[in-house]
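Observations on the three-dimensional arrangement
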Amino acid sequence: MDPNSVEILLVEDNPADAELAIRELKKHNMANNLFHVRNGEEALDFIFATGKYADTRNMLYTPKVILLDIQMPKVNGIEVLSTLKSDSRTRQTPVVILTSSKENPDIQKCYELGANSYIVKPVNFEGFAEAIRNLGFYWLLLNQTPV
Amino acid sequence: MKFAINKLLYALIAFAAVAAVLVMFILRELSNAKILTSGTIISSNKRIEISGISVLTILFFMIATSVFALSKIDRFRPPIIGSQMDNQALSDQDPVNTNEYHRMIAEIEDYAIILLDESGIIKNWNKGALKIKGYEAKEIIGKNFSVFYTSQDRQNGIPEKILSEARQKGKAVCEGLRIRKDGSAFWGSIVITALYDANGVINGFTKVTRDITEKRKVEEKFYALLDSAPDATVIVNEEGVIQMANTQTEKLFGYSRHEIIGKPVEVFIPIELRSRHIHHRADFARSSKVRAMGVGIELNAVKKDGSMFPVEISLSPIQTEEGMLISAAIRDITHRKELETELKKINTELEAFTYSVSHDLRAPLRGIIGFTNVLEEEYSSKLDNEAKRITSIIKANTIRMGRLIDDLLNFSRTGKQEIVKADFSTKAMVHEVINEITGQYEIEGIEWDIRELLPARGDISTIRQVWVNLISNAVKYSRNKPRPVIEIGSWLDNGFAVFYVKDNGVGFDEQYKDKLFRVFQRLHDADEFEGTGVGLAVVEKIISRHKGKVWAEGKMNEGAGFYFTIPV
């Protein structure tokens, strides 16, 4: 896949959770332009076209939405989120938080940092669609409009 | 006594003089006033001014006269001129007064007032001496005053020492154990004053003794009390000078008592805070109410070796004859502080643990459920009925595990959430909860018997949780009855509102009722009634955090009643 045509960036360290999310999105033909990174460090490298993505990525092509797990080793979701939302180049990119419980106190913190929505895992299409609707660009993603 | 009489005489003379002058002035002023009022517009201010000056003049005169009179009296103090005022001299001057004076002294009962010759031989005896020491005048006159002393004091030459002190300084004051005629002891407070002849040579002594045994007992009790106090306690005067300190103070601070008595209380305070403390101390002396010192701030005290330790101090004012004293109870809270720090650390660890449980335990469950779903959906054609039954069992157990984790987290959060109290209507809350529960589970056919529900004060969200748990329990355990009845009510009892939820459901065996409110304890099988055994434990925790109580009554197959109280 061309790393510059990625529309959904999934940041998830748990392989089972990632696979279930990808399966669910595939069922609804939404995983074609999905890219999966396994931790926060890699997510930042991908988005900012640094590290191992320095040669293959142009950061002007930002993903349309980032699905971001909170609890990850090394750089966690909250740190990724605060980096994205404090950089003018990435501030506009919608971020949907993946959480294992809707009672997670981190959700509030994520909203304060500028997260756009959250989905409780396991990710299912209904939850995802709802999150996208909340973002207000449902049409953008589902209609596959060109960038 | 002689001096007092002289003082009185002079004061009377001075007073009479002033009074005479005062009367003269008033008469003059009155006549002035008459003239002025009849003399039309002449300003009344002036008159007042004149009066003002007059009054000032009189006051000045009064003070001056009094000062003069007092300075005269001072000159009669021993030893120089006082020598003229001895017994003999006085009787020469005024035989009537001397007789009265003798009679007066003889009649005094509360003080033993006796005369000694220059070697300490007793020359006369009054009623007070009889009362305090038990000897009749005839038995004791002619004996040496050392008979009143303990044999030990006599061996140590104490009576002689006291007399020689009075000889040198004109006066000796002491306190100590003295012996009555019957051999019993009392605690005496004694003043011995030297008397002088016309040439200024000592020719005897007056000795005034007061029995302060009772006072001493009270003091001893007070000291014993002070020493029995668990805290280091010091008593300071209004100037902040340490008057007393108990044994605990010696132990805590490492000073011996005599090192600190007479020192400013600031010796216990870190050097950088001393000047501020002096200021606070003055404030306390003015307000003088029992209170804790430095509420809300961490106080530290300093030991003799310079080491600091955390303390809690409670101050109370004591009104005494000598003026206001302040008692400060100082408690070493080093151990408590350590425990608090430890507790904070444990709580932080527990929070991290809880978070980890919520995330890490849930992750594998998601995998189990998620992939079982994949099996069921994508491989359903390859699964026979038995395989499908098994996948559904896997999912049900996994869901149950998820609920247990949620409930456990919920239970642990209940103990930590802050209680914010507000007034609310129980009636409105209960109706809302009933609607929510019946709506959620589409329950019909329950007879709700809602009695009087008192308004309450508490943390609205957690008390609401109590009602949710109790009412949903009642619904759950009575749903198999042909006619479920749930009664909810309240009454007032001794400062507490008592609330209850009763049902006519399956009830419980009373012998297990202690287990009801414990976490994960259930009295029914999971396949009969779903649940994790956390609901009542949460109820118990919430109510105990409101300083209330919970209890239950029940009978197998006849129903159960759950009660809780909230202070009103």
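Residues numbered from 1 in each chain as written. Chains lettered and ligands numbered in written order. Predicted model: local features only at pLDDT ≥ 70, side-chain atom pairs only at ≥ 80, totals over all residues. Heavy atoms only, no water.

1. Examining the overall build of chain B
Counting its regular elements, chain B contains 17 helices and 17 strands. Counting over 568 residues, chain B shows a buried share of 38%. Long-range contacts, defined here as pairs at least 24 residues apart, represent 54% of the contacts in chain B between residues at least 6 apart. Element-wise, carbon and sulfur atoms account for 58% of the exposed surface of chain B, whose accessible area totals about 33,400 Å². (Helix = DSSP H or I, 4+ residues; strand = E, 2+ residues; numbered from the N terminus. Buried < 20%, exposed > 50% of the residue type's maximum accessible area, 1.4 Å probe, protein only. Contact = heavy atoms within 4.5 Å. Areas by Shrake-Rupley, 256 points an atom, 1.4 Å probe, with all protein chains shown as cover.)

2. Thoughts on the pattern of salt bridges
All names here are of chain B. Under the definition given, this model contains 40 salt bridges over all chains. Across the pair Lys169 and Glu165 runs a salt bridge whose closest N-O atoms are separated by 3.8 Å. Note that Lys169 and Glu165 are positioned in helix α8 (residues 158-169) at a spacing of four residues, about one turn of the helix. The exposure class of Lys169 is exposed, given its relative accessible area of 61%. Arg451 is the salt-bridge partner of Glu487, the closest N and O atoms lying 3.4 Å from each other. Pair noted here: Glu487 is in strand β14 (residues 485-493) and Arg451 is in the loop between β12 (447-450) and β13 (456-459), with a separation of 36 residues, a long-range link. (Salt bridge = Lys/Arg side-chain N within 4 Å of Asp/Glu carboxyl O.)

3. Side note on the sheet that holds strand β1 (residues 8-11) of chain A
All names here are of chain A. Spatially, the five strands line up as an open sheet ordered β2-β1-β3-β4-β5, and their pairing is parallel. Looking at which strands have only one partner, the edges of the open sheet turn out to be β2 (34-37) and β5 (117-120). In this sheet, neighbouring strand axes are inclined to one another by 20 degrees on average, regardless of whether the strands run parallel or antiparallel. Summarising the sheet, strand β3 (residues 65-69) and strand β4 (residues 95-99) pair through four bridges and their orientation is parallel. In the sheet register, Asp69 faces β4, and the bridge partner there is Leu98. Along the sheet face, helix α3 (residues 77-85) touches β3 and β4 and points at about 150 degrees away from the line of β3. (Pairing = 2+ DSSP bridges. Axes fitted to C-alpha atoms, helices over the stretch in contact; angles between N-to-C directions.)

4. Describing the nonpolar core
Residue and element names in this part refer to chain B. Of all hydrophobic cores here, the largest spans 40 residues; its most connected members are Trp467, Ile471, Ile488, Phe499, Phe562 and Phe564. Looking at this core, the elements with two or more residues in it are α15 (426-441), α16 (460-478), β14, β15 (496-503), α17 (535-545), β16 (550-555) and β17 (559-567). It is α16 that contributes the most residues to this core, eight residues altogether. Contact partners of Phe562, with chain neighbours within four places excluded, come to Leu470, Phe499, Tyr500, Val501, Phe508, Leu516, Phe517, Leu536, Trp551 and Ala552. Judged by nonpolar contacts, the second largest core, of 25 residues, contains Ala245, Phe268, Ile313 and Ile326. (Core = buried A, V, L, I, M, F, W, Y, C linked by side-chain atoms within 4.5 Å.)

5. Examining the pairing of β15(B)
Residues and elements named next belong to chain B. With six of eight residues buried, β15 is to be regarded as a mostly interior element. Hairpin connection, β14 to β15: the antiparallel pair is bridged by two residues, and Asn494 has positive phi, about 55 degrees. In terms of strand pairing, β15 meets β17 through eight bridges, oriented antiparallel. When the sheet's bridge partners are listed, Asp503 is paired in β17 with Ala560.

6. A few points about the interface of chain B and chain A
Contacts between chain B and chain A engage 13 residues on the former and 16 residues on the latter. Of the roughly 1,300 Å² buried between chain B and chain A on both sides combined, carbon and sulfur atoms contribute 51%. By the criterion of area lost to chain A, the three top residues of chain B are Tyr355(B), Arg366(B) and Phe371(B), representing 46% of everything that side buries. Inspection of the region where chain B meets chain A yields three salt bridges. (Buried area = accessible area lost by both parts, 1.4 Å probe.)

7. Describing the packing of helix α1 (residues 15-27) of chain A against helix α13 (residues 334-378) of chain B
Taken N-terminus to C-terminus, the directions of α1(A) and α13(B) make an angle of 35 degrees; their axes are 9 Å apart at the nearest point. The handedness of the crossing between α1(A) and α13(B) comes out as left-handed. Of the residues in α13(B), those touching α1(A) at Ala16(A), Asp17(A), Glu19(A), Leu20(A), Arg23(A) and Lys27(A) are Ala363(B), Arg366(B), Gly367(B), Gly370(B), Phe371(B), Val374(B), Glu377(B) and Glu378(B). Looking at the contact of α1(A) with α13(B), its residues break down into five nonpolar, two polar and seven charged. (Left-handed = near helix turned anticlockwise from the far one by under 90°. Nonpolar A, V, L, I, M, F, W, Y, C, P; charged D, E, K, R; others polar.)

8. Quick notes on the side chain of Arg362(B)
Positionally, Arg362(B) belongs in helix α13. With residues near it in sequence (within four places) discarded, Arg362(B) still touches Ser100(A), Ser101(A), Val357(B), Ile405(B), Asp406(B) and Leu409(B).

9. Comments concerning the pairing of β2(A)
Residue and element names in this part refer to chain A. Here four bridges tie β1 to β2, and the two strands are oriented parallel to one another. Among the inter-strand pairings, Leu10 is bridged to a residue of β2, identified as His36. In this fold, the crossover linking β1 to β2 by way of α1 has right-handed handedness. (Right-handed = clockwise from strand over helix to strand, strands pointing away.)

10. Describing α1(A)
All names here are of chain A. In a regular helix each residue adds 1.5 Å, so 13 residues correspond to 18 Å; α1 covers 18 Å between its end C-alpha atoms and thus fits that length. Those residues of α1 lying buried are Asp17, Ala18, Leu20, Ala21, Ile22, Glu24 and Leu25. Between the side-chain oxygen at the start of α1 and the backbone nitrogen of Ala16 there is a gap of 2.9 Å, and the oxygen is on Asn14. (Expected span 1.5 Å × (residues − 1). Polar contact = N/O pair within 3.5 Å; in protein donor to acceptor, adjacent residues only side chain to side chain.)

11. Let's talk about the packing of aromatic side chains
Residue and element names in this part refer to chain B. Under the counting rule described, the total for this entry stands at 22 aromatic pairs over all chains. On the basis of an interplanar angle of 85 degrees and a centroid distance of 5.7 Å, the ring pair of Phe145 and Tyr149 is categorised as edge-to-face. Under the relative-accessibility criterion, Phe145 is labelled buried at 1%. Residue classification places Tyr149 among the buried positions, given a relative accessible area of 1%. Measuring from ring centre to ring centre gives 6.2 Å for Phe508 and Phe562, while their planes differ by 40 degrees; the resulting arrangement is tilted. Of this pair, Phe508 sits in the loop between β15 and α17 while Phe562 sits in strand β17; the two residues are 54 residues apart in sequence, bridging distant segments of the chain. Like Phe508, the residue Phe562 is buried in the burial classification. Chaining the aromatic ring pairs together yields one cluster made of Phe253, Tyr255, Phe268 and Phe309. One residue, Lys303, lies across the ring of Phe309, its end atom 5.0 Å from the ring centre. (Phe/Tyr/Trp six-rings, centres within 6.5 Å; stacked < 30°, edge-to-face > 60°. Lys NZ or Arg CZ within 6 Å of the ring centre and 35° of its normal.)

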